[in-house]
Every structure is written in structure tokens, then in C-alpha cells.
Amino acid sequence: METITPNIEIRSVVAQCLRTLTTSAENKDVITALQTLQSYLDEGSDSRIPSVQRAEFRRVHFTRTLRFLVSNIQADWVHSLKAQQRKELWDGLFLKGPADQTLLVLMEGIGELRPSINLDHLISITERFLQNGGLAELLWSYCLETGPSDSPQLRETLQGRIVGLPDLLANKLQLNNKPLFLPQQYYPLLATEILSALENVCQALRNGTDCSLTFVAQVLGKVCVCHTVEFEMAPRLSIHTRSDMVWQRVCWKLLQDVPQRCMESVLTGLVQSVSRPDILGRIIGNIVLTNKKAQFVITHKLLLLQYKYETRVLRVLLGYLAADRERRPLLIQVLRAVSQAWANPSAVKHTPIEQQLYVSKALLLSVNLFELYLFFCSDLLQCMLGGMQSHLDSSVVRIRHMGMVVGECLSSRMDISETKLKFEYDQDDETRELLSLMTAHSDDESDPDDDELTPYDMSDDQEMSAASPPRYLRDCLETLISSEDPMRVELSLIAAEDLVRKNVFAAREISVELTKVLLHMENKYNLNNFLVLRQATMVALTVIDCIPVTQYLTTEFYSLNYSLRQRLDMLEVLVFAARELSSPVSEKRDPSVGVAATGSSGLSPYVNDKPVDWRQEVEKRIQSKTRRLRKGVTQPAPEATPNRYAPVAGHFFFPLLRNYDRPQVTFDLLGSDHLVLGRLIHTLGVFMHLAVNAPVATQMGRALLDFVWSVRYHVDQTVRRGVLFAVCSLLMSVNSQNLLADFGDQLFETRSWLAGKRNRNCSQNKQIRF
């Protein structure tokens, strides 16, 4: 029982801390809980937590704690922390614990979150994790023989996260990606972290501590398949292995532990990055003798199958084989294979000229590396004669010149007679380079120095404020749903409309959900301009994602358990959205019209409609139908713009006529709810007016006239005015020819009704709202 008591105790403490963070509304309780959790990560003799409990927390409870923090990142208690408190307590839990668990939880959380300020928070922690040496700590933990015990599947997942971090974050962040996560910055950082882990290994070996390089070698192999990280590692490895035998043995062991499927990528990048054969020998040792895949890559593939590399790569490869007595027999095999490939008549005819030039360079460099008594002169003579004949018979001038130069160089080394071959040809850069390969090449280059490396610039880093306005639409949605902080709610309402209009694709993903939240929202914090901000966002959502939002609003208009105010809000949002859609696209939104015109009073759009607007519209139509006998053009023709409302007018109009005669428990449109009926008729009249010249206008007019005709003698004055407005909108919106054809009998009856209205109450006609 004594051995499990600490486990039970720490489990109880962690559960209590997480419960406090979930339920407590006191900031001091939240801070105390975070400090308690962080105390299990404190190292050193001054820690008040026993080492056994600290190890148990890291092994069992750390990942669970981090996942809890990520799942509650939107909670109010997180945002109630000051910036410095959040950095020290909340972020500190990620940065002080086991690096492998931290990286896995961070990448898991980033993958689950949508673009939001919460995602930005995790991204900033990931940046700090990388900048503070988190990768080096992770790699070093797996180098210790007493390192983390896990499954091969978990190791494979962790390696995939390390190597694929730039791709994963680029797919997630897209245009908002951070410079540190770009391949040109991340992979050099990873190379530096690998070198730091290897430095710790060397120091541990000097102190008599056993280490394992398997995990680091697997990471190196995996990353070399995607990116030549050795380009960044080779200069430092050259310096460390110059006079330190421990570093040389560590490098040799590292290459031996690289998986076979990755060996070609590692060696290919390494050969290209070193400048001299002796540097390559110090780094990879005699792996070419012990590893068949490495031998095939160095002695065959890089020399005979691939021909894209510079001459320097050939010097490094062949010089590496010639530098050691045990490796020199491989150079003889290479010389035989290269000479046979150069002399093969079929290869001369069918292989690219660039590959023939590459093989010619390899042949001359091989011959120049050792004395000919190590090679059979008869084989070389046969190669020279047969190969020269094949090259000289070619119709390509470059191939003939190539054969002449190689023949001259080989005959000068064979000393079989006093006479040497000499051809006449015009020298160019290609022939001069081939001739230069027979001269001794001196490497005066010194090993590169790393003193010029500069630290990562963190001068532009900024702390995230707890009261900053949201930058993502999903932040607004989550805040409006769950937050109890008045400041955050107000900032989200203020920013919502602008975010909707700027992020069309994000808005369409959550348009109906956000509209539903806004429609049911109440001003329980007594915020300024609450109604204006809420309505403006719903209008923007309706314009951006017209059909789904319109279907939702028109369906909910006749649903149960809505107040009259909410039903009027639905009608107002639909009217403003229809007006904006019918306006020219190039026309800037006038802040004096529409939602902003309601001001803080929250008045409906119908009160602001003045009779002068109706007269101006009539005058405009008269002017457009007036024929003027005048020469020239008095004013430029208006620019044609698409009418976005015409294709969707039916989605605004017809659903509102679907269930008007069905009395509900809380809503009786044809009964006592006169105000809503009047507003509904007025709204339908606006939709009819805005659908002028639309193909669906005639059908809308017929349905509208059938609806309003039954209530034209309604007892409420608001309803009668709405009917009059709707009829006027119908007469102005439907084409005159269609009026006579489709509304014949009803048109004469309507005319009589309008005449009677004028005779009975002419004074009221001046108050028609349009």
C-alpha cells in the first residue's frame, strides 16, 4: 500500500485543481490551482514536491492536464488572467513539462481549432517552445537509456510531428503562417537542435553515461527524405570532428542507425554539403564497407545512374574512396565500372550527352587518384581504344571532342610507348574542364566557422491582451455563446459585422448558427448600440450567405416561442438585406441609410421611410420613359452592375406567405397581432418594390395581391396603410403589359378601391410610407 499512496495522493490533487478551474469564479482560486499544477514541474532541491510525485505527474498526469487546458482555452477564467499571469502560469505549464508530450498536445490542439485567437495563442506557445530549445530537450530525452518508455507507434507519430511541422502548420495557417514555421527557418533550427542533442551525447559519453542515437537517427533520416537538413549540419559537424574522436564516433554511430529506407537521402545531401573528401570521411567513417545500401549509393548510384551533380561532388566521392586503404578496393571497382560505361557503344548512342560528360569526368578523376599499377593496363587500353572508336564515330561534335580529350588523357598515363595521342579540336569550356581534371587539385579551403550565427530576433514579440478585440469570426461566435464577460461580448459585437464582410468563406460556414445566436441574444449587460450592432451583423450574414440565412429567418418567423420583438427583428433584417442586395455592387454603403440610421433608439426601418422617397422614385420612372428630342448626350450613361437581389427575391418573399393563416399558441397574425401583420405586409411590399424588372415579379405580384386583398378593410390603420403601400409597389414594379394581361379583373377592382380611398381620406395619402 505504501507504494501506491503517492499515486493516489497526486491523482486527488490534480483532480481537485482541474475541478477548481472548471467551477470556480474567483480569480485567486484559478491562480492557486495553476500554481499547484506547476509546482509538480519544478526541478531542483528547493522543490517542495517529492521527486517520486513529480515523476508520477510527468508520466501519468501531464498530458491530461495540457489537454484540459486546451479544451478550456475559451473559458472566461483563462481570459480573466492578466497577460503576465497567463504567460507564467498557463503557458508555463506547456513549457516546463516533458517536451514530447508538450509537442504532441500542441499539434493536436492546433489541428482541432479553427482560425481564432485561441489558435493564435497555441501558435505563440509553439513558437516559444521552439525558440526555447524544446526540440533539443525532446531529442536529448530519447538519447538517454532511461528516457521515455513508449510504443513504436507513438515514436512514429512524434517523429512525424517533428518532421512534418512546417507542412502541418502551413496547411492550417495558410496565409497567416509564421516565419519560424517556414521550411527555410524551421529546418535550420531543427539541425541546430539535433547538434545540441549530439553535444549532450558527447558530454555524457565522456562522463561514462550510456546513450542511444536511434531516435535522433530516425528523425534525421525522415527529415532528409523531405529536406536536406545536412546542409545546415555539415559545417558544424566538420568543426566538431576535426580533432575530437568522440564526435567522430558519435557521427559514425548516428549514420549507422539511420533507417535503410532513408540512407540514400542522408548520404546524398551530406555529399553535396561537404567541401572536401577528408570532411566526408570524418563524418561517415567506413560506413561504405559495413552498409550495403550506403555502398550502392556511393559507388554506383551517384556515379553511374545520376548525373545532376557538380564536379565537386565527384571529387568528394572518389577522394573519399581513395583516402583510406580499406576503401581503396572499392575505387578500383568504380574505375572498372566507369570505364566500361564510358566505352559502351550503346550508351554512347542512347544516353544523354550530359550523362556521358558526367561519366567522362568520373573516369578521369578516378585515373588521376592513384598509380596505374593498381589497375590493369590492358583493361584500360581496351577501354580507351573501344571507347574512342565509339565516340569518334558519333555525328555529334560534342561527343567526338569528348572522346578525343579522354583518349589523350588516358594515353598520357599508360606509358605503353613513346608516342602519345594528340588530336586537333577547338577548345571550349567543356574540353578545358576535362583536361583540368588530370591535374592535381589542392583544397586550400578551411573548415567553415559558425561564429557568424545570429540569434532569433524576438524584438517584435508582443503579449496578447485579455481584452483585445477578436480577429476571427469563430472567436465572436464562441464568446457570444459562452462568455459572461461584458467587455468580451461588447468587443465581439463591435467586430462581428466587419469580420463577416471581410471573411466570406468563414462567414458562410457558421452563418446560420451565428444568426441564431444573435437573434436569441438579449442585452443583459446594457451595452450601448446593442440593437444596432446585432442587427448589422445579421444583415451582413444574410447578404453574404443569402439563401440559407433567409430560409432560416422566414421559417422561424412562424415558429413557436418567439416574442413579437424577435419576429419584427426578423422582418427588419430581411428588409435591410434585400435593400443592400438590390443596390449596385460598386455603390458604397451609406451610413445614414439602413442599420446605422436606427441609432441607439433601435427604431424599425419603416419609421425612417419618408414620402419624398416615393415621389423621387415616381419622378425617376417618368424621366426614364420620357423621349427627348435633343442632340448629343447630356450626361454619361450609368454603369451597368448586376442586381444580386433579383435571383433570390423569391426566397425572401414566398416563405413569408406560407403559414400566415395558421394561429399559433403565442402568435395570431390575423387576430390580435395587428402590428406584426402591418409590418409583414409592408415588408412584402418592399420586397415587391425591389423586385422591379425581375423575372419573378409577376408571380410575386399575383401572390401579394391575393394576400392583401382579404385584409384591405382591416380595422387597424397600420394594416390598411401597409396594404396601400403594397398595392402601390405592385403597380410600380410589374411591367405595364403584364399588368393588363395578368391582373385584368383585379386591376379594375383595385382602381375602384384606390379611388374610394382617395375620396374618403385624401389627407391620409400624404403619410404613405415607402
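Residues numbered from 1 in each chain as written. Predicted model: local features only at pLDDT ≥ 70, side-chain atom pairs only at ≥ 80, totals over all residues. Heavy atoms only, no water.

- In the annotation of an unreviewed UniProt entry, the chain is listed under the name Telomere length regulation protein TEL2 homolog and assigned to Takifugu rubripes.
- UniProt, in its Sequence similarities (unreviewed entry) section for the chain, records the words "Belongs to the TEL2 family." (UniProt positions renumbered as here; feature names shortened; annotations may be inferred.)

1. Details of the overall build of the chain
- What the chain contains, in helices and strands, is 37 helices and zero strands.
- For the chain, with 770 residues in total, the buried portion stands at 48%.
- Taking contacts inside the chain between residues at least 6 apart in sequence as the whole, the part at least 24 apart equals 75%.
- Carbon and sulfur atoms make up 51% of the accessible area of the chain, which amounts to about 38600 Å² in all. (Helix = DSSP H or I, 4+ residues; strand = E, 2+ residues; numbered from the N terminus. Buried < 20%, exposed > 50% of the residue type's maximum accessible area, 1.4 Å probe, protein only. Contact = heavy atoms within 4.5 Å. Areas by Shrake-Rupley, 256 points an atom, 1.4 Å probe, with all protein chains shown as cover.)

2. Structural notes on the environment of Ser366
- Looking at the element boundaries, Ser366 is found in helix 21 (residues 353-369).
- When the C-alpha positions of Ser366 and Leu318 are compared, they lie 6.6 Å apart, and in sequence the two are 48 residues distant.
- Excluding residues within four positions of it along the chain, Ser366 makes contact with Leu318, Leu331, Val334 and Leu335.
- Within the structure, the side chain of Ser366 is placed 2.7 Å from the backbone oxygen of Ala362, a separation counted as a polar contact. (Polar contact = N/O pair within 3.5 Å; in protein donor to acceptor, adjacent residues only side chain to side chain.)

3. Some details on the pattern of salt bridges
- For the structure on display, the rule yields 26 salt bridges.
- Put simply, Arg474 and Glu509 hold a salt bridge, and the shortest N to O gap is 3.7 Å. In this pair, Arg474 sits in helix 25 (residues 473-482) while Glu509 sits in helix 27 (residues 504-519), placing the two residues 35 residues apart along the sequence.
- Residues joined in a network through salt bridges with shared partners are Arg534, Arg565, Asp569, Glu572 and Arg679. (Salt bridge = Lys/Arg side-chain N within 4 Å of Asp/Glu carboxyl O.)

4. Considerations on the environment of Val313
- Here Val313 shows up in helix 18 (residues 311-322).
- Measuring from C-alpha to C-alpha, the distance between Val313 and Ser275 comes to 8.2 Å, with 38 residues separating the pair along the chain.
- With residues up to four places along the chain from it excluded, the contact list for Val313 reads Val271 and Gln272.

5. Examining the nonpolar core
- Among the nonpolar cores identified, the biggest contains 140 residues, and Leu69, Trp77, Ile162 and Ile284 are the most heavily contacted of them.
- Among the elements that make up this core, the one with the highest residue count is helix 10 (residues 183-206) (12 residues).
- Sequence-distant contacts of Trp77, defined by excluding residues within four places in its chain, comprise Leu21, Val30, Leu34, Phe68, Leu69, Asn72 and Trp90.
- Membership of the second largest hydrophobic core comes to 76 residues, among which are Met521, Tyr562, Leu571 and Ala649. (Core = buried A, V, L, I, M, F, W, Y, C linked by side-chain atoms within 4.5 Å.)

6. A closer look at the side chain of Lys222
- Within the secondary structure, Lys222 sits in helix 11 (residues 214-226).
- Not counting chain neighbours up to four residues away, the residues in contact with Lys222 comprise Glu156, Gln159, Gly160, Val163 and Cys262.

7. With respect to the packing of helix 28 (residues 530-544) against helix 30 (residues 564-582)
- With their axes 9 Å apart at the nearest point, helix 28 and helix 30 run at an angle of 55° to one another. Our classification of the angle between helix 28 and helix 30 gives oblique. Handedness of the helix 28/helix 30 crossing: right-handed. The residues of helix 30 that touch helix 28, namely those facing Arg534, Gln535, Met538, Val539, Thr542 and Val543, are Asp569, Glu572, Val573, Phe576, Ala577, Glu580 and Leu581.
- Broken down by class, the residue content of the contact of helix 28 with helix 30 amounts to seven nonpolar, two polar and four charged. (Axes fitted to C-alpha atoms, helices over the stretch in contact; angles between N-to-C directions. Parallel < 35°, antiparallel > 145°, perpendicular 65-115°, else oblique. Left-handed = near helix turned anticlockwise from the far one by under 90°. Nonpolar A, V, L, I, M, F, W, Y, C, P; charged D, E, K, R; others polar.)

8. Quick look at helix 6 (residues 99-112)
- Its 14 residues give helix 6 an end-to-end C-alpha distance of 20 Å, which sits within 8% of 20 Å, the value for a rise of 1.5 Å per residue.
- By the criterion of burial, helix 6 is predominantly enclosed, with 10 of the 14 residues buried.
- Looking only at helix 6, the buried set comprises Ala99, Asp100, Gln101, Thr102, Leu103, Val105, Leu106, Met107, Gly109 and Ile110.
- Residues of helix 6 that are buried in the fold lie against helix 3 (51-71), helix 5 (83-96), helix 7 (117-131), helix 8 (134-143) and helix 9 (152-173). (Expected span 1.5 Å × (residues − 1).)

9. Points about helix 34 (residues 697-709)
- Under the 1.5 Å per step criterion, the end-to-end length of helix 34 is 18 Å for 13 residues, consistent within 8% with the ideal 18 Å.
- All of the buried residues in helix 34 are Ala697, Thr698, Met700, Gly701, Leu704, Leu705, Phe707, Val708 and Trp709.

10. Thoughts on the packing of helix 8 against helix 10
- The N-to-C vectors of helix 8 and helix 10 enclose an angle of 40°; their axes lie 8 Å apart at closest approach. As the angle between them shows, helix 8 and helix 10 are arranged oblique. Here helix 8 runs over helix 10; the crossing is right-handed. Residue-level inspection shows Gly134, Leu135, Ala136, Leu139, Trp140 and Cys143 of helix 8 in contact with helix 10, the latter providing Tyr186, Leu190, Glu193, Ile194, Ser196, Ala197, Asn200, Val201 and Ala204.
- Across the contact of helix 8 with helix 10, the residue classes tally to 11 nonpolar, three polar and one charged.

11. Considerations on the confidence of the model for the chain
- Residues of the chain with pLDDT of at least 70 account for 80%, and the chain-wide mean is 82.
- Note that residues 763-770 has pLDDT below 50 and, in this model, 19 contacts with residues that lie over four places away or in other chains. (pLDDT = per-residue confidence, 0-100.)

12. Structural notes on the packing of aromatic side chains
- Enumeration according to the criterion identifies nine aromatic pairs in this entry.
- The interplanar angle of 35° and the centroid separation of 5.2 Å between the aromatic rings of Trp90 and Phe94 together place this pair among those described as tilted. Here Trp90 and its partner Phe94 are both found in helix 5, four residues apart, which amounts to about one turn of the helix.
- According to the relative accessible area criterion, Trp90 is buried, its value standing at 0%. (Phe/Tyr/Trp six-rings, centres within 6.5 Å; stacked < 30°, edge-to-face > 60°.)

13. A few points about unusual backbone geometry
- Its identity is not glycine, yet Gln174 carries a phi of approximately 55°, on the positive side.
- Among the secondary structure elements, Gln174 is positioned in the loop between helix 9 and helix 10.
- Taking the relative accessible area as the measure of exposure, Gln174 reaches 58% and is therefore exposed.
- In this structure, Asn526 is a non-glycine residue whose phi angle is positive, near 55°.
- Note on placement: Asn526 falls in the loop between helix 27 and helix 28.

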